[in-house]
Amino acid sequence: MRNVTDLKMILDKIDGRGYKAYKTLEGSYDLKICHLYIDHVQADPFAPPSRMRIRVPMDRAGFPYYLYEGIKVTALEDIIARIIKSELMKSNLKSEGAGNSGLIFIDAGGQEIIKRTAVKITSEMVEARISVGLPAAGRRIKGDAAINLLTSIIPQIASNSLYFKALDEKKLKEHVELYADQELIRNKLKELGLVAFIGNGSILPRKSGNSNLPMSEKEAVKFLSPPSMEIEIDTMFHGKIKGMGIKEGITLIVGGGFHGKTTLLRALERGVYNHIKGDGREWVITVPDAVKIRAEDGRNIEKVDISIFIDNLPFNKSTDSFSTENASGSTSQAANIIEAVEAGAKLLLLDEDTSATNFMLRDARMQKLVAKNKEPITPFIDRVRELYEKLGISTILVIGGAGDYLDVADKVIMLDSYKVYDVTDEAHEIAAEIPSNRKIESVKPFKLRTARIVKKETFAMKDKKLKVAAKGLDTIVYGKTVIDLSAVEQLVDSGQTRAIADILRYIVRYIDEKSSLKEILDKIDTDILSDLEVISPFPKGEHPGDLVLPRRYEVASALNRMRNLKIK
């Protein structure tokens, strides 16, 4: 390992030369405060920034074990990344020329706390993975600026962020203990017979429609559970937490327009992730296998058995292995449900507003007008109880106009000006008093066939130059194929999209034309839950790229939306 003097000498030597001369920096350096690993130097100031790592041995960093034991390590890594980002903002770095010259980046989280590769903590070391735009004037090296960046600013950031003595122990403790208790509650849900929990005092509304930040406490109505649904859960660090428990089964969320129905459902969607202190949704905890379902016109479907929902199509088109390049609202929603079940979902989240009307319900009048033998769709209302009673799959459904769903609901909660009421008894009385007069249309026996096998030809198995890249949150480019994930609503971090793109490379080792899609997802889960960096395309031990742990359901969503997907 070279030292700081060596680093300065190299930069003095290449000052003013062409940008590619920066390549001579690659290697490791002891900067006294920290070790700097320059893993990859960008070829051009306009290329993606250079990948570097800052490491401090744990015996010098001094973090007590109680802060990173077990699952707490994810939370400690998360807050260290946030602290580094804050230090970078304080440094007030400005571009030193072309492209990202002179800037330093770290992939710190937003409102959610999710496992990411930005910081790695073990009993041996604390390591931050950063991206650095090496300074340039045009395409010429700015040696003095680079010396300041690498030998002054980076050690200062390490000193202020990677040493326990420089940090506020109380804040670190609060962060990791909140995460630990959120996980504790999530792990308790099943034994309590619940699919979700919302703590009293939660702030569910967001600052605006396109913001993930909470509405101010002055404006927001704080959540308060109806007495009949209120439960109390013991935690390790926060005592007893009171709030609303949503039981397994069929739950309807009803109420007038703009009274908070969708806001509640969106909070439950995001409740599969833990949230930072001050987000307002810290105690909104949903089972980890909850999946948001919606209609998705135009999506690709490849050999999905949607026959429990749609059968008897014109021209005898099969639906027990249904394929289309341009799905309708109803066929897309049916496929989304079956694919979620295939991946292991145990809770479906639906909103009437984003569902296909004809998929959700056929009322008595329409049943009388259009005979069942002329209607291929068995609506969701006639399958939702079977999903629960035969497969143990619960549903939470926002309903504004389809009162027929009162007949199948176990629990009905009403939102009125963002206040929550349990109206189950009243709803059941109304259902008995005013019959819907519709007939159950589940003619075909309830039988699911979900064990699909992915063909090798789906993937460019031997093409080492194949381009696979994430473009923001919603898009992955796989060769010449564009995978549109804009309707996958529980994808919350662009680092997850990058990880899924890398998984589409990594997955080929498990494509043997024998393993089902579910079995492949199981294997990937085992790998990335043990070590997320295993999917990185970069050499082992180097900066792995800015990856964030995706759920198996979003990985499956990407696979199912590949237009070159081939199923055996």
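Residues numbered from 1 in each chain as written. Predicted model: local features only at pLDDT ≥ 70, side-chain atom pairs only at ≥ 80, totals over all residues. Heavy atoms only, no water.

Visitor: Whenever I open this one, the sheet that holds strand β12 (residues 230-234) confuses me. Can you help?
Guide: Within a sheet, neighbouring strands are paired by backbone hydrogen bonds and run either parallel or antiparallel to one another. Reading across from one edge, β12-β13-β11-β16 is the order of the four strands in this open sheet, with antiparallel pairing throughout. With partners counted over all chains shown, the strands left at the sheet margins are β12 and β16 (284-286), one partner each. In this sheet, adjacent strand axes meet at a mean angle of 35 degrees when their direction is disregarded. Bridging between strand β11 (residues 194-199) and strand β13 (residues 240-247) involves five bridges; their strand directions are antiparallel. Each residue of the ladder has a partner; that of Ala196, found in β13, is Ile246. (Pairing = 2+ DSSP bridges. Helix = DSSP H or I, 4+ residues; strand = E, 2+ residues; numbered from the N terminus. Axes fitted to C-alpha atoms, helices over the stretch in contact; angles between N-to-C directions.)

Visitor: Could you clarify how one ought to interpret a negative patch on the surface in this entry?
Guide: Together, Asp425, Glu426, Glu429 and Glu433 line one region of the surface with negative charge. Within the secondary structure layout, Asp425 lies in helix α11 (residues 424-433). (Patch = residues over 30% accessible without salt bridge, like charges linked within 9 Å, V, L, I, M, F, W, Y side chains within 5 Å. Areas by Shrake-Rupley, 256 points an atom, 1.4 Å probe, with all protein chains shown as cover. Salt bridge = Lys/Arg side-chain N within 4 Å of Asp/Glu carboxyl O. Lys, Arg positive; Asp, Glu negative; His and termini not counted. Charge placed at Lys NZ, Arg CZ, Asp CG, Glu CD.)

Visitor: Sorry if this is basic, but what is going on with the pairing of strand β22 (residues 411-416) here?
Guide: Regular strands have side chains that alternate between both faces of the sheet. Where strand β14 (residues 250-255) and β22 come together, five bridges link them in parallel fashion. Pairing of Thr251 across the sheet is with Lys411, part of β22. Bridge count between β22 and strand β23 (residues 419-422): four bridges; the pairing is antiparallel. Among the inter-strand pairings, Leu415 is bridged to a residue of β23, identified as Val420.

Visitor: Can you walk me through the side chain of Asp527 in this structure?
Guide: As for its position among the elements, Asp527 is in helix α13 (residues 517-530). No salt bridge is formed by the buried Asp527; the nearest opposite charge belongs to Arg509, separated by 6.1 Å. Within polar-contact distance, the side chain of Asp527 engages the side chain of Tyr510 at 2.5 Å. Not counting the four nearest positions on each side in its chain, Asp527 is found in contact with Tyr506, Tyr510 and Val534. (Buried < 20%, exposed > 50% of the residue type's maximum accessible area, 1.4 Å probe, protein only. Polar contact = N/O pair within 3.5 Å; in protein donor to acceptor, adjacent residues only side chain to side chain. Contact = heavy atoms within 4.5 Å.)

Visitor: I would appreciate a short explanation of the nonpolar core in the present structure.
Guide: What tends to happen in soluble globular proteins is that the nonpolar side chains get buried as a cluster. With 120 residues, the main nonpolar core has Leu252, Phe309, Leu348, Phe380, Ile396, Tyr405 and Phe459 as its most contacted residues. No other element matches the seven residues that helix α7 (residues 329-343) contributes to this core. Among residues more than four places away in sequence, those in contact with Ile396 are Val195, Ile246, Thr251, Ile253, Leu265, Leu268, Leu347, Leu348, Leu349 and Leu350. Core analysis: the second largest hydrophobic core is formed by 62 residues, Leu31, Ile113, Ile147 and Leu167 among them. (Core = buried A, V, L, I, M, F, W, Y, C linked by side-chain atoms within 4.5 Å.)

Visitor: How do you make sense of the sheet that holds strand β25 (residues 475-478) when you look at a structure like this?
Guide: The three strands lie next to each other as β24-β25-β26, forming an open sheet whose pairing is antiparallel. Of all the strands in the sheet, the pair left with one neighbour each is β24 (468-471) and β26 (481-484). For this sheet, the mean angle separating the axes of adjacent strands, direction not counted, is 20 degrees. Sheet topology note: the β25/β26 ladder contains four bridges and is antiparallel. Residue Ile476 lies in a different strand from β26, and its bridge partner there is Ile483.

Visitor: How do you make sense of unusual backbone geometry when you look at a structure like this?
Guide: Note: most residues except glycine have negative phi, and most peptide bonds are trans. Phi is positive for Asn92, close to 55 degrees, though the residue is something other than glycine. Structurally, Asn92 can be placed in the loop between α3 (72-91) and β5 (104-105). The backbone of Tyr418 shows a phi angle near 70 degrees, a positive value even though the residue is not glycine. Considering the arrangement of structural elements, one finds Tyr418 in the loop between β22 and β23. Residue class for Tyr418 comes out partly exposed when judged on its relative accessible area of 30%.

Visitor: I tried to follow the pattern of salt bridges on my own but got confused; where do I start?
Guide: Under the definition given, this model contains 41 salt bridges. Between Arg116 and Asp493 there is a salt bridge, and its shortest N-O distance comes to 2.9 Å. One end of the pair, Arg116, is in the loop between β6 (112-113) and β7 (119-121); the other, Asp493, is in the loop between β26 and α12 (494-506), and 377 residues separate them in sequence. Note on Asp493: relative accessible area 12%, which makes it buried. A salt bridge links Arg452 to Glu342, with the shortest nitrogen-to-oxygen separation between them at 2.8 Å.

Visitor: Sorry, what's going on with the side chain of Arg82 here?
Guide: Considering the arrangement of structural elements, one finds Arg82 in helix α3. A polar atom in the side chain of Arg82 sits 2.6 Å from the side chain of Asp78. Side-chain polar atoms of Arg82 contact the backbone oxygen of Gly110, separated by 2.7 Å. Dropping the residues within four chain positions of it, Arg82 is found in contact with Ala108, Gly109, Gly110, Glu112, Ile113, His175 and Ile276.

Remember that the coordinates give geometry; whether it matters functionally is a separate question.
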